[in-house]
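# Descriptive structure summary
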Amino acid sequence: MCLRRVVPLFSLYFALVTAAGAHQATGFKLTEPTASGITVWTRITRDAERAADDRPLPITQIFDRTTGEALRLRDNAAYPNGRPVITFPAGADLGSIRGAAVGAPGQTRVRYRRVGQTEWLSTAWRDVEPTRDFTTTFALSALTPATRYEIIVEDRASADAAPTSMTTGGFVTAPDVKADAGATFCVMSCQQYEDRDRPDGFAIYPAMLALRPDFFVNTGDAVYYDHGPVHALTLALARYHWARMYSFTTLRDFHRQVGSFFIKDDHDTLTDDSHPGARTGNFTFADGLRTFREQTAPSEPSYRTVRWGRHVEVWLLEGRDDRSTREHDRTQTPTILGVEQIAWLERTLAASDATFRIVITPTPMVGPDRASKDDNYSNTGYAVEGSKIRELLARYKNLTVITGDRHWQYVSRDAVTGIEEWSVGAATNAHAGGWDEKTPRPAHRFLRTGFGGFLSGEVRPSDKGVRLSLRLHDTAGTVVFSADNLSPR
Ligand SMILES: [Fe+2]
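Below is a summary of the structure that appears in this document. (Residues numbered from 1 in each chain as written. Predicted model: local features only at pLDDT ≥ 70, side-chain atom pairs only at ≥ 80, totals over all residues. Heavy atoms only, no water.)

## Concerning the sheet that holds strand S4 (residues 70–71)
Taken in spatial order, the 3 strands of this open sheet run S4-S3-S5, and their pairing is antiparallel. Each edge of the sheet is formed by a strand with only one pairing partner; in this case those strands are S4 and strand S5 (82–87). One ladder, built from 2 bridges, connects strand S3 (residues 59–64) with S4; its direction is antiparallel. Bridging from a neighbouring strand, Phe-63 pairs with Ala-70 of S4. (Pairing = 2+ DSSP bridges. Helix = DSSP H or I, 4+ residues; strand = E, 2+ residues; numbered from the N terminus.)

The following block contains the structure:
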């Protein structure tokens, strides 16, 4: 064969590999940063970008398994005895419906270096796992504390193919536990796909990124499986919910640049107020737990602490796994955190020497909340355990509670124990709701209903002491309320 023919054949080969592709339409996530490590979550997608918004949606129907009766799809509803029937319009499939970004086989690797260094470190290439939605995670270790790193995630279709996608990003590691260092962080909650406020996702992501947070906490309801025209009634549709959400440019840009901690809540596990053992259609609570881990790479167990230098320790609480069942609640005291987590909370709060203790909870501990609700410590159904937890938290000065879940922003103070709770609110104005009163009640230091936003925190040591500033922001990032707490040296 003469050389003139070899060259075009080679070009054709690479063109085909590129077309087959290994892409990152759902970007990558950086999770669980510590002083010495971070987890890099990667996923290979078949296509470079999500399916366009003019693509059709599947038709979701659900029938009672016993009677065969067609059931109406309603927001916040579960269908424990439902048989789902998913119909794709002509020319559409799971990979091409609106917002889709299906996974694909291939290999991925992570390259990283401290900012300012010339040499890159690299992981080995690794296959993504088809049984885990074509994701894999890399645990980077032996990193330097309080240091900014650059990162590149590369994908290729197979071991002998050239890389076809490359995404860059960066993160910062936590300061050492003894370091007299500051911290900035953002906390958000409750992002519903149908309520997004930009074609490319959510305005709060660039607003949070502009604050250059060291770390970020999503307190739950990152997707709403049980809302909109397509409920996650199957595992494939649950993964579709994650893919269409995390393929938005605003989310991809944020998550490739900020280390994150994900807490799950009810809607991103299964359905509204879901408990262990529950199911909807063909999707079970156990499937929901696995899918949450698959998509957000949290460390185990799901209740955990984050240490960020000498002055900050954060508690991330688990609000779903250990809830008592309705049957249990008829004869015993209802629980949310469960015996083991409460013992852990008591032990770790007592052991902490951080200047500020920040407890981040997926559901409120203080409230007030509506009388109609019965899913958190501010509701009467959990009054006994709620009093016990609030009394436990009140033992510590310089302890603040930050809650997700409620779709309005507030800062409140418990009349009995004095502990303070900051509610970060819904991710968009369209998703705000729940509490309609405009006038603060006596428990409120601040109340803002009808609008979304997020929370940011900043810890700054100085000669005078260590200052914790908490701020509630609107969706554009403008501060709507702030308060400072100075801890003298
Ligand atoms: Fe929510």
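## Digging into the packing of aromatic side chains
What characterises a pair of aromatic rings is the spacing of the ring centres plus the angle enclosed by the ring planes. Evaluated as defined, the whole model comprises 18 aromatic pairs. Relative to Phe-216, the ring of Tyr-205 has its centre 6.4 Å away and its plane inclined at 55 degrees; by these criteria the two rings are tilted. Taken as a pair, Tyr-205 in helix H2 (residues 204–209) and Phe-216 in strand S13 (residues 215–218) lie far apart in primary sequence, 11 residues in all. Judged by relative accessible area, Tyr-205 falls into the buried class, the value being 0%. Ring geometry for Trp-422 and Phe-481: centres 5.6 Å apart, planes at 45 degrees, overall tilted. Residue Trp-422 is located in strand S22 (residues 420–423), and its partner Phe-481 is located in strand S26 (residues 479–488); the two are separated by 59 residues in the primary sequence. The exposure class of Trp-422 is buried, given its relative accessible area of 1%. Put simply, the rings of Phe-185, Phe-215, Phe-261 and Trp-308 touch in pairs and so form one group of aromatic residues. One Lys or Arg, Arg-126, reaches over the ring of Phe-138 and ends 4.3 Å from the middle of that ring. The ring of Trp-125 carries the charged tip of Arg-156 above its face, separated from the ring centre by 3.9 Å. (Phe/Tyr/Trp six-rings, centres within 6.5 Å; stacked < 30°, edge-to-face > 60°. Buried < 20%, exposed > 50% of the residue type's maximum accessible area, 1.4 Å probe, protein only. Lys NZ or Arg CZ within 6 Å of the ring centre and 35° of its normal.)

## Section: the pairing of strand S6 (residues 107–114)
Where S6 lies against strand S8 (residues 126–127), 2 bridges are found, and the strand directions are antiparallel. Across the sheet, residue Thr-108 finds its bridge partner in S8, namely Arg-126. Inspection of the sheet shows S6 paired to strand S10 (residues 148–156) by 8 bridges, in the antiparallel sense. Bridging from a neighbouring strand, Arg-114 pairs with Tyr-149 of S10. Sheet topology places S6 next to strand S7 (residues 121–122); 2 bridges connect them, and they run antiparallel. In the strand pairing of S7, Tyr-112 is matched with Leu-121. Between S6 and S7, which follow one another and run antiparallel, lie 6 residues, and Gly-116 among them has a positive phi close to 100 degrees.

## Re the coordination of the iron ion
With distances of 2.1 to 2.5 Å, the protein atoms coordinating the iron ion are Cys-190 (SG), Asp-221 (OD), Tyr-224 (OH) and His-407 (NE2). Bound by 4 donor atoms, the iron ion shows angles of 85 to 173 degrees at the metal and therefore irregular coordination geometry. Donor residues for the iron ion sit on one chain with the sequence pattern C-x30-D-x2-Y-x182-H. Each member of the pair Asp-221 and Tyr-224 is classed as buried. (Donors = N, O, S within 2.8 Å, 3.2 Å for Na, K, Ca; no water. Tetrahedral: all angles 85-135°; square planar, octahedral: opposite > 155°, others 65-115°.)

## Here's the deal with the pairing of S3
In this structure, S3 lies alongside S5, joined through 6 bridges in antiparallel fashion. Residue pairing in the sheet places Gln-61 in a bridge with Val-85 of S5. Counting the residues in the hairpin turn of S3 and S4 gives 5 residues, including Gly-68, whose phi is positive at 80 degrees.

## What about helix H8 (residues 383–393)?
Residues of H8 that are buried: Glu-385, Gly-386, Ile-389, Arg-390, Leu-392 and Leu-393. Down the axis, H8 shows its buried residues gathered within 155 degrees of arc, on one side only. In this fold, the buried residues of H8 make contact with helix H7 (338–351), strand S19 (356–361) and strand S20 (399–403). (Arc of directions from axis to C-beta. Contact = heavy atoms within 4.5 Å.)

## A look at empty space enclosed by the protein
Under the defined criterion, the tally for this structure stands at 1 cavity of 30 Å³ or more. Each pocket or cavity is described by its volume, and for the largest cavity that value is around 40 Å³. Lining the largest cavity are Leu-317, Glu-318, Gly-319, Ile-336, Leu-337, Thr-361, Pro-362, Thr-363, Met-365 and Tyr-377. The residue makeup of the lining of the largest cavity, split by class, is 6 nonpolar, 3 polar and 1 charged. (1 Å grid on protein atoms, 1.4 Å probe; cavity = no way out; pocket = protein on both sides within 12 Å on 5 of 7 lines; lining within 4 Å. Points joined across faces, edges and corners; volume = space filled by probe spheres on them. Nonpolar A, V, L, I, M, F, W, Y, C, P; charged D, E, K, R; others polar.)

## Concerning the sheet that holds strand S17 (residues 304–308)
Sheet strands pair by backbone hydrogen bonding; their relative direction is either parallel or antiparallel. Spatially, S17-S18-S19-S20-S22-S21-S23 is the arrangement adopted by the 7 strands of the open sheet, whose pairing is mixed. Edge positions in the sheet fall to S17 and strand S23 (444–448), since each of these pairs with one other strand and no more. Neighbouring strand axes in the sheet, compared pairwise and without regard to direction, differ in orientation by 20 degrees on average. Across 3 bridges, the pairing between S20 and S22 is parallel. Bridging across to S22, Val-401 finds its partner in Glu-421. Packing of H7 onto the sheet brings it into contact with S17, strand S18 (312–316), S19 and S20, and relative to S18 it is tilted by some 180 degrees. (Axes fitted to C-alpha atoms, helices over the stretch in contact; angles between N-to-C directions.)

## Focus: the pattern of salt bridges
This structure, assessed with the given rule, holds 35 salt bridges. For Glu-313, the salt bridge goes to Arg-307, with nearest N and O atoms at 3.4 Å. In this structure, the salt-bridge partner of Arg-471 is Glu-458, at a minimum N-O distance of 3.0 Å. Placement of Arg-471 in strand S25 (residues 465–473) and of Glu-458 in strand S24 (residues 454–461) is noted, with a sequence separation of 13 residues between them. Given the relative accessible area of 24%, Arg-471 is considered partly exposed. Salt bridges sharing partners connect three or more residues here, namely Asp-369, Arg-370, Asp-375, Asp-405 and Arg-406. (Salt bridge = Lys/Arg side-chain N within 4 Å of Asp/Glu carboxyl O.)

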